[in-house]
Amino acid sequence: MVGRYGKPRATRLWRLAGRADLPRQRLSRRVLYNGRMRAATLDEMKAYIAFTSEDEANVASLGTQVAPHLRAIADRFYLQIMRHPGARAVLEAEPGRLARLHESFADWLATLFCGRYDAEYWQRRAEIGHVHVRIGLPQHYMFGGMEIVWQELERVIHAAAVPEMEPKLGALHKLLTLETACMLGSYQLSYSEAVRLGERSAVQERLTRAEHLAHIGQMAASLAHEIKNPLAGISGAIQVLRDGLPADDERRPILGEVLRQITRLDGTVRDLLIYARPRPPRPQSCDLHEVVERVLTFLAGEPEMRRVRVEFQPEASLPALELDETQIEQVLINLILNAAQASPDRGLVRVRIHTNDASVHLVIEDQGRGMDEAVRQRAFEPFFTTKVRGTGLGLPICRRIVELHGGSIEVESAVGHGTQVIVELPRGK
């Protein structure tokens, strides 16, 4: 019996389970270590439910009676489980998955009666639980499936009128309890390992990003200083040349365009310097309503603002806030201009302020084309932009300023439904 249902079929089960739906993956040292720990736990459970060597022999002795029925039991098992939409969705998610799992399950049934329940046996059994996690089968289906297995095997054994039936059924029930514990443990291990890997990946990504941005910041600051002074000199020289020309000289518009391009370059350099070497905020008590109104007045003459409608909705009971007005003005200018540039002609740009017990929310909305999820996820990434002109530093600078004030900023957007930027600032005491 051991020769028929022992290691060869168990080895096959290991292979089938490992490739059931994904390429076989090598377990990490941590997983293998935890596998040994799980085996120790199973030894404790064996002692707890009194699963003895006599029980092992009793289960093994049932192999002859149940072997002819295992394929039919597997068929009935999947007939039952496929009645549940959640399980059916997982099992039919890939072509051929159900057939592979069906074969693996039949082998798993056979190895129940191998009579050798050592650490290697339980490590192989645990891999089945890892497969369930990889394919996304919730563990409550495993619990229900184990009950179906017990009912089917009990029915077959009763029908075969096995001698000394009760102790043998009792031993089989104990083994199925251990199998359930083993699979449950492997579910827990797989989930915890996934969480650990996810956290490690997130931390590594943050560290890499921080290092990357530090290098960019140093390079940007050096370049900005090298460019800014020559730009100022060029701008001054062009202004002298322009002012020395007659008012009707055809060269004056050309020099005016050169000055506009220099101004644009100077703005780019300024953004690089602000992002690379941000100044700590210098907060003082201020009225956010007045800050918004001042910015809207300042922007009223901008070409982008003249083609849109602007609506400001203040908060009736807004408290005074501790803010660096200059930096918050910069945030507002960036966000309102972004909203205007994204808006269609005569589109509405709405600026709203509302409060709760802990914070003040400043919301800038537009009715533009919006952005898809991939673009939204990268909105605060330095140097990322979808504009023909722009440094891609506007939103990163806004986020840095807001976070230095102890607040947060987020973007909500959908294609065809416009964009909403929410700035949350602490109310303070």
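In case you missed it, the structure is sitting above this.
Residues numbered from 1 in each chain as written. Predicted model: local features only at pLDDT ≥ 70, side-chain atom pairs only at ≥ 80, totals over all residues. Heavy atoms only, no water.

Considering the overall build of the protein
Looking only at helices and strands, one finds 17 helices and 7 strands in the protein. For the protein, with 429 residues in total, the buried portion stands at 42%. As presented, the protein carries roughly 23200 Å² of accessible surface, and 55% of it is formed by carbon and sulfur atoms. (Helix = DSSP H or I, 4+ residues; strand = E, 2+ residues; numbered from the N terminus. Buried < 20%, exposed > 50% of the residue type's maximum accessible area, 1.4 Å probe, protein only. Areas by Shrake-Rupley, 256 points an atom, 1.4 Å probe, with all protein chains shown as cover.)

Quick notes on the packing of aromatic side chains
One pass over the full model with this rule turns up 6 aromatic pairs. Centroid distance Phe-77 to Phe-105: 4.1 Å. Interplanar angle 20°. Geometry classified as stacked. Placement of Phe-77 in helix H6 (residues 70-81) and of Phe-105 in helix H8 (residues 97-111) is noted, with a sequence separation of 28 residues between them. Look at Phe-77 and you get buried, because its relative accessible area is 8%. Relative to Trp-108, the ring of Phe-105 has its centre 5.6 Å away and its plane inclined at 20°; by these criteria the two rings are stacked. Note that Phe-105 and Trp-108 are positioned in helix H8 at a spacing of 3 residues, about one turn of the helix. Take Trp-108: its relative accessible area is 4%, and that puts it in the buried class. An aromatic cluster is built from Phe-77, Tyr-78, Phe-105 and Trp-108, whose rings are joined through pairwise contacts. (Phe/Tyr/Trp six-rings, centres within 6.5 Å; stacked < 30°, edge-to-face > 60°.)

Describing the nonpolar core
One finds Trp-108, Leu-109, Leu-112, Phe-113 and Leu-172 to be the most contacted residues of the largest nonpolar core, which totals 53 residues. Ranked by residues supplied to this core, first place goes to helix H11 (residues 165-243) with 10 residues. Setting aside anything within four residues of it in sequence, one finds Leu-112 in contact with Val-59, Tyr-117, Tyr-121, Arg-125, Leu-153, Leu-175, Leu-176 and Glu-179. Formed by 42 residues, the second largest nonpolar core is a distinct cluster that contains Val-291, Leu-299, Val-308 and Val-421. (Core = buried A, V, L, I, M, F, W, Y, C linked by side-chain atoms within 4.5 Å. Contact = heavy atoms within 4.5 Å.)

Points about the pairing of strand S5 (residues 359-366)
For S5, the buried fraction is high: 8 of the 8 residues fall into the buried class. Here S5 shows a buried face lined by Ser-359, His-361, Val-363 and Glu-365 and a second buried face lined by Val-360, Leu-362, Ile-364 and Asp-366. As defined by bridge partners, strand S4 (residues 348-355) adjoins S5 across 6 bridges and the pair is classed as antiparallel. Within S5, the position partnered with Val-351 by the bridge is Ile-364. Direction of pairing for S5 relative to strand S7 (residues 419-426): antiparallel, over a ladder of 8 bridges. Each residue of the ladder has a partner; that of His-361, found in S7, is Glu-424. (Pairing = 2+ DSSP bridges.)

Focus: the packing of helix H13 (residues 288-299) against helix H15 (residues 325-342)
Interaxial distance between H13 and H15 falls to 10 Å at its minimum, and their mutual angle equals 50°. By the angle between their directions, the pair H13 and H15 is classed as oblique. Helix-helix and strand crossings are classified by hand; for H13 and H15 the assignment is right-handed. Of the residues in H15, those in contact with Leu-288, Val-291, Val-292, Arg-294, Val-295, Leu-296, Phe-298 and Leu-299 of H13 are Glu-325, Ile-328, Glu-329, Leu-332, Ile-333, Ile-336 and Leu-337. Residue composition of the contact of H13 with H15, by class: 12 nonpolar, no polar and 3 charged. (Axes fitted to C-alpha atoms, helices over the stretch in contact; angles between N-to-C directions. Parallel < 35°, antiparallel > 145°, perpendicular 65-115°, else oblique. Left-handed = near helix turned anticlockwise from the far one by under 90°. Nonpolar A, V, L, I, M, F, W, Y, C, P; charged D, E, K, R; others polar.)

A word on helix H17 (residues 394-404)
Taken together, the buried positions of H17 are occupied by Leu-395, Pro-396, Ile-397, Cys-398, Ile-401 and Val-402. Looking at the residues trailing H17, positive phi occurs at Gly-406, about 80°.

What about the environment of Lys-168?
As for its position among the elements, Lys-168 is in helix H11. Assessed through its relative accessible area of 11%, Lys-168 is described here as buried. When the C-alpha atoms of Lys-168 and Ile-157 are compared, they prove to be 9.4 Å apart, with 11 residues separating the residues in sequence. Only 3.2 Å separates the side chain of Lys-168 from the backbone oxygen of Pro-163, close enough to count as a polar contact. (Polar contact = N/O pair within 3.5 Å; in protein donor to acceptor, adjacent residues only side chain to side chain.)

Comments concerning the environment of Arg-350
Note on placement: Arg-350 falls in strand S4. Through-space distance from the C-alpha of Arg-350 to that of Ala-340 is 9.9 Å; in sequence the pair is 10 residues apart. The contacts of Arg-350, once residues within four sequence positions are left out, are Glu-311, Gln-313, Val-363, Ile-364 and Glu-365. Separated by 3.0 Å, the side chains of Arg-350 and Glu-311 make a polar contact.

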